[in-house]
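Structural overview
For reference, the chains in residue letters:
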Amino acid sequence: APIEHITAEHLDNISAESDLHLGIWSYVVEWVSNSETFMTLFMLPFSALALKWVFNGVSRIKYNFAEYLYIAAYICSQRLIIRLLMLSIPFIWNESIYNNVTNIMNVVYVILIAWTTKGLFSIKVFSAAWRSVVMGLLSVFMLVVLLVIIIFIISIQLSLYNAE
């Protein structure tokens, strides 16, 4: 879905300042949920930074940020390939089975990340698994913080625009 600009119609539907924050937040969440591939690519720097923080010091080899970015891109490419394979599921089964398979695939993503980091950093499976979960949570947390900051700045700008 292409990025739409917030128009006067959007602003007319938002009455108070708290509603302004909620309106912008719901607009961003809707766009993010409809743009999974873009968000996967947008998450690369956050995933690389989380990889660097969580897996730093577990390997004999010291990686720089560009190498962690490459590792994050490799992991994201694996996730996109699995997602591509899942595109055929709604055509084969009904929608309710697709939702269950989507929940299972989230677990498969964590297992895939754990398997990849286990092989890359030569660590034990349990260590790779919990570090992978922490890495995923940390990267999502960083993205949410960035989105909140951006929404806050946009709402301030829109409040100034409405005051004029």
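The preceding data block contains the structure.
A brief structural summary. Predicted, not measured: the structure shown is a model, and the values here were computed from it.

Focus: a nonpolar patch on the surface
- Taken together, the side chains of F141, V145, I149, F152, I153, I156 and L160 make up a nonpolar region of the molecular surface, amounting to roughly 650 Å² of accessible area.
- Considering the arrangement of structural elements, one finds I156 in helix α8 (residues 125-163).
- For I156, a relative accessible area of 37% corresponds to the partly exposed category.

What to know about unusual backbone geometry
- Phi is positive for S122, which is not a glycine, with a value near 55°.
- Secondary-structure assignment places S122 in the loop between α7 (95-121) and α8.

Remarks on helix α4 (residues 44-55)
- Helix length check: α4 (12 residues) gives 16 Å between terminal C-alpha atoms against 16 Å at 1.5 Å per residue, within 8%.
- Among all positions of α4, only L44, F46, S47, A48, A50, L51, V54 and F55 are buried.
- In the segment just after α4, G57 is the residue with positive phi, at about 90°.

Reading the values: rules and limits
Residues numbered from 1 in each chain as written. Predicted model: local features only at pLDDT ≥ 70, side-chain atom pairs only at ≥ 80, totals over all residues. Heavy atoms only, no water. Patch = residues over 30% accessible without salt bridge, like charges linked within 9 Å, V, L, I, M, F, W, Y side chains within 5 Å. Areas by Shrake-Rupley, 256 points an atom, 1.4 Å probe, with all protein chains shown as cover. Salt bridge = Lys/Arg side-chain N within 4 Å of Asp/Glu carboxyl O. Helix = DSSP H or I, 4+ residues; strand = E, 2+ residues; numbered from the N terminus. Buried < 20%, exposed > 50% of the residue type's maximum accessible area, 1.4 Å probe, protein only. Expected span 1.5 Å × (residues − 1).

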